[in-house]
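# Structural overview for review
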Amino acid sequence: MRKRRFFGGIATLAFSLAACGVATASPERDVTVPADPTMIDFVDPSKVGGLATRTLTEGDSGGRQVHVSYPEFDAAPKLNEAVSKEAERRLHDFVRSTRVGGLEPRPELNMDWALDAATDDLIGVRLRTGEFLGANWGNSTTTLWYDKQSDQAFTSPGLLDGDSGLHGVAELVKNQLVKRGPEIDQNEVTASANLFDSLAFNRAGDLVAEFDDCQVGPCSLGRVAVAVPARQVEPLLSPAGRRAQDLVRETAMVAPLVTPKVMVSRSPDAVSQNAGSVDCKVRKCVALTFDDGPGPYTARLLDLLQQADARATFFTLGANASADPAILRRMSKEGHLVANHSWAHRDLAKLSSSKIADTLGRTQDTIAGAIGQTPTLVRPPYGAVNIDVRTVARRLGVSLVNWDVDTLDLRDRDPRLVAQRAVRGAHDGAIILLHDIERTTVDAVPDILNRLKGKGYALVTVPELYGAAGMRPGNVYTSGAVSAP
Ligand code: NI
């Protein structure tokens, strides 16, 4: 499903993109076909300076599940504005079109991102949105571009030479799609900016047009994408489009078209470097857990924990971790435990086993690549566990960790309230849920640490709550409590 390639120090992440137009592919399933011209090589975000990740959530209202994340670039405020507008628009539309309460499974909105290009001159951001509205995921992609030369952010059709460029590309795409069979509705393939809202280049310089699920044919087709050959598309490109094409081709020359052997050696299990320094059989212990990061406030949180000599468990998202592996190394070095919260925060109970294995496995690899240790703990997004999640977890050798004290910090962005809930809920063995993507949560931390220490608690990582008894892969843990609060 996932491939990571290292070419002479330049890493590109090839995401799991399905073969196009294959009638057997379901929208659920991704198939990696390395030779497929519609595959896009994404840029390794850890090699991009001045990049941060932002997250929009809705808090837990018992209704919708929302996790929208997108990148932010120090050097491109206009792109940031366009990207955050797009993220907010998606969230707004989703909230408007869904009711709160009473729906099972809960409606879900998820957005993650990848970089088609990222240099000083040009940036391409691919936003992938998944919506779950009762039965299935519907996935769509939008790719936004930024050109430093004009200091403009633009939608994908900006890569093309005006209307005539768009018409030319639409015609070429239609000709290709028609050949794929009668399932394709050629009347849907028109020269509309909305239809061609996700354009990028592959390593050969071909223009790859990606369509949303169900957009040009039945949903059973899964991902439909078309690669328009480089030579045919060249006369249809705008100046920015030509620069983007050149850039992607140049990068591909450094990374030749050879599939290298990736050395997979299992790293040792992740542990806190200070594990064992507290015996939770003789001392009262609580485990603070921070989810959904790393984010813009994580470094400050680490400073606060260090000052208080406290340890925590970080359930990190693979997508965020891939953009900032250095902060994971810092967590690990300072005695915290780095753990897995999936790649992009989709509810695992709404995914097939192969997708669960993919999202958790990719994150295991990303974290192991950063800290040299493989996580032993997974926190399932939204706390959602079913038999498939447990089976995959067992196979991966990870325990599932939920919580028994919820500070509701995504809903109530109020440091005083968050601290109060953490402290009042605390008991020997408590697992306390917090999120380091919220500034207000990090603001609450000094108070939480002071008051818990005042009550005699040691702040430890999750496995330390269980001591020598240990934790079993595939089991679900919500608290290390021997006695109720
Ligand atoms: Ni989460």
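The model shown is predicted, which means the values in this text are computed figures rather than measured ones.

So, how was this worked out
Residues numbered from 1 in each chain as written. Predicted model: local features only at pLDDT ≥ 70, side-chain atom pairs only at ≥ 80, totals over all residues. Heavy atoms only, no water. Helix = DSSP H or I, 4+ residues; strand = E, 2+ residues; numbered from the N terminus. Buried < 20%, exposed > 50% of the residue type's maximum accessible area, 1.4 Å probe, protein only. Contact = heavy atoms within 4.5 Å. Areas by Shrake-Rupley, 256 points an atom, 1.4 Å probe, with all protein chains shown as cover. Donors = N, O, S within 2.8 Å, 3.2 Å for Na, K, Ca; no water. Pairing = 2+ DSSP bridges. Lys, Arg positive; Asp, Glu negative; His and termini not counted. Salt bridge = Lys/Arg side-chain N within 4 Å of Asp/Glu carboxyl O. Polar contact = N/O pair within 3.5 Å; in protein donor to acceptor, adjacent residues only side chain to side chain. Expected span 1.5 Å × (residues − 1). Bend = angle between axes of the 7 residues up to and from the residue. Axes fitted to C-alpha atoms, helices over the stretch in contact; angles between N-to-C directions. Core = buried A, V, L, I, M, F, W, Y, C linked by side-chain atoms within 4.5 Å.

### Considerations on the overall build of the protein
When its secondary structure is counted, the protein shows 12 helices and 21 strands. Here the protein holds 485 residues, and the buried ones make up 56% of them. Pairs at least 24 residues apart make up 71% of the contacts formed inside the protein by residues separated by at least 6 positions. Total accessible area on the protein is roughly 19900 Å²; 51% of this is exposed by carbon and sulfur atoms.

### So, the coordination of the nickel ion
In ideal tetrahedral geometry, four donors around a metal make angles of 109.5 degrees, whereas ideal octahedral geometry with six donors gives angles of 90 or 180 degrees. Listed as protein donors to the nickel ion are Asp-292 (OD), His-341 (NE2) and His-345 (NE2); their distances from the metal cover 2.1 to 2.2 Å. Written as a sequence motif, the donor arrangement for the nickel ion is D-x48-H-x3-H. Pair noted here: Asp-292 is in the loop between β13 (285–291) and α5 (298–307) and His-341 is in the loop between β15 (337–340) and α8 (353–371), with a separation of 49 residues, a long-range link. With respect to burial, Asp-292 and His-341 carry one shared label: buried.

### Remarks on the pairing of strand β14 (residues 313–316)
Here β14 shows a buried face lined by Thr-313 and Phe-315 and a second buried face lined by Phe-314 and Thr-316. Sheet analysis places β13 next to β14, joined by 3 bridges and oriented parallel. Along β14, the bridge assignment pairs Asp-291 with Phe-315. One ladder, built from 4 bridges, connects β14 with β15; its direction is parallel. The residue of β15 that forms the bridge with Thr-316 is Asn-340.

### Topic: unusual backbone geometry
Along the chain, Gly-293 connects to Pro-294 via a cis peptide bond; the corresponding omega equals -5°. Locating Pro-294 in the fold gives a position in the loop between β13 and α5. Even without a glycine there, the phi angle at His-345 is positive, about 75°. Its place among the elements puts His-345 in the loop between β15 and α8. Positioned with a positive phi, Tyr-382 is a non-glycine residue whose angle comes to about 60°.

### Overview of the side chain of His-345
A relative accessible area of 6% means that His-345 is categorised as buried. If we ignore the near neighbours within four places in the chain, the residues touching His-345 are His-67, Glu-108, Asn-110, Asp-292, Leu-317, Pro-381 and Tyr-382.

### Remarks on the side chain of Asp-436
Mapped onto the secondary structure, Asp-436 falls in the loop between β19 (430–435) and α11 (439–454). The buried charged residue Asp-436 lacks any salt bridge partner; its closest oppositely charged side chain belongs to Arg-379, at an N-O distance of 9.2 Å. In this structure the side chain of Asp-436 is engaged in a polar contact, spanning 2.9 Å, whose partner is the side chain of Thr-298. Here Asp-436 is in contact with Phe-290, Asp-291, Asp-292, Gly-293, Pro-294, Gly-295, Tyr-297, Thr-298, Leu-301, Phe-314 and Val-442, once residues within four sequence places are set aside.

### Considering α11
With 16 residues, α11 should reach 22 Å at 1.5 Å per residue; the first-to-last C-alpha distance of 24 Å fits that figure. Along α11, the largest kink reaches about 35° and is centred on Val-445; proline Pro-446 follows within four residues of it. Here the buried face of α11 lies against β13, α5, α10 (415–425), β19 and β20 (458–459). Once α11 finishes, Gly-456 follows within two positions and takes phi at roughly 90°, a positive value.

### With respect to the sheet that holds strand β5 (residues 65–73)
Spatial strand order, β4-β5-β6-β7-β8-β9: 6 strands in an open sheet with mixed pairing. The two strands at the open ends of the sheet, each matched to only one other strand, are β4 (51–57) and β9 (152–155). Averaged over all adjacent pairs, the angle separating strand axes in this sheet is 20°, with direction ignored. Here strand β6 (residues 108–118) runs beside strand β7 (residues 122–132); their pairing, made up of 10 bridges, is antiparallel. Each bridged residue has a counterpart across the sheet, and for Ala-118 the counterpart in β7 is Ile-123.

### Details of the nonpolar core
Counting residues in hydrophobic clusters, the biggest one holds 55 residues, and the most contacted among them are Leu-288, Leu-328, Ile-432 and Leu-452. Here the element with the most residues in this core is α11; it accounts for 6 residues. The residues contacting Leu-288, other than those within four sequence positions of it, are Ala-312, Thr-313, Ile-432, Leu-434, Ile-448, Leu-449, Leu-452, Leu-459 and Val-460. In this structure, Phe-42, Leu-166, Val-233 and Ala-240 belong to the second largest nonpolar core, which totals 39 residues.

### Brief notes about the environment of Leu-91
Relative to the helices and strands, Leu-91 is located in helix α1 (residues 77–97). Separated by 18 residues in sequence, Leu-91 and Leu-109 have C-alpha atoms that sit 7.5 Å apart. Beyond its immediate stretch of four places on either side in the chain, Leu-91 contacts Leu-56, Val-66 and Leu-109.

### Observations concerning the pattern of salt bridges
Per the counting criterion, the structure on display carries 28 salt bridges. With a closest N to O distance of 2.7 Å, Arg-330 and Asp-303 form a salt bridge. Placement of Arg-330 in helix α7 (residues 325–333) and of Asp-303 in helix α5 is noted, with a sequence separation of 27 residues between them. Relative accessible area serves as the criterion here: at 35%, Asp-303 is assigned to the partly exposed category. Close ionic contact of Asp-347 with Lys-350 constitutes a salt bridge, the shortest N to O distance being 3.6 Å. Given the relative accessible area of 6%, Asp-347 is considered buried. When salt bridges that share partners are traced, they join Glu-86, Arg-89, Arg-90 and Asp-93 into one network.

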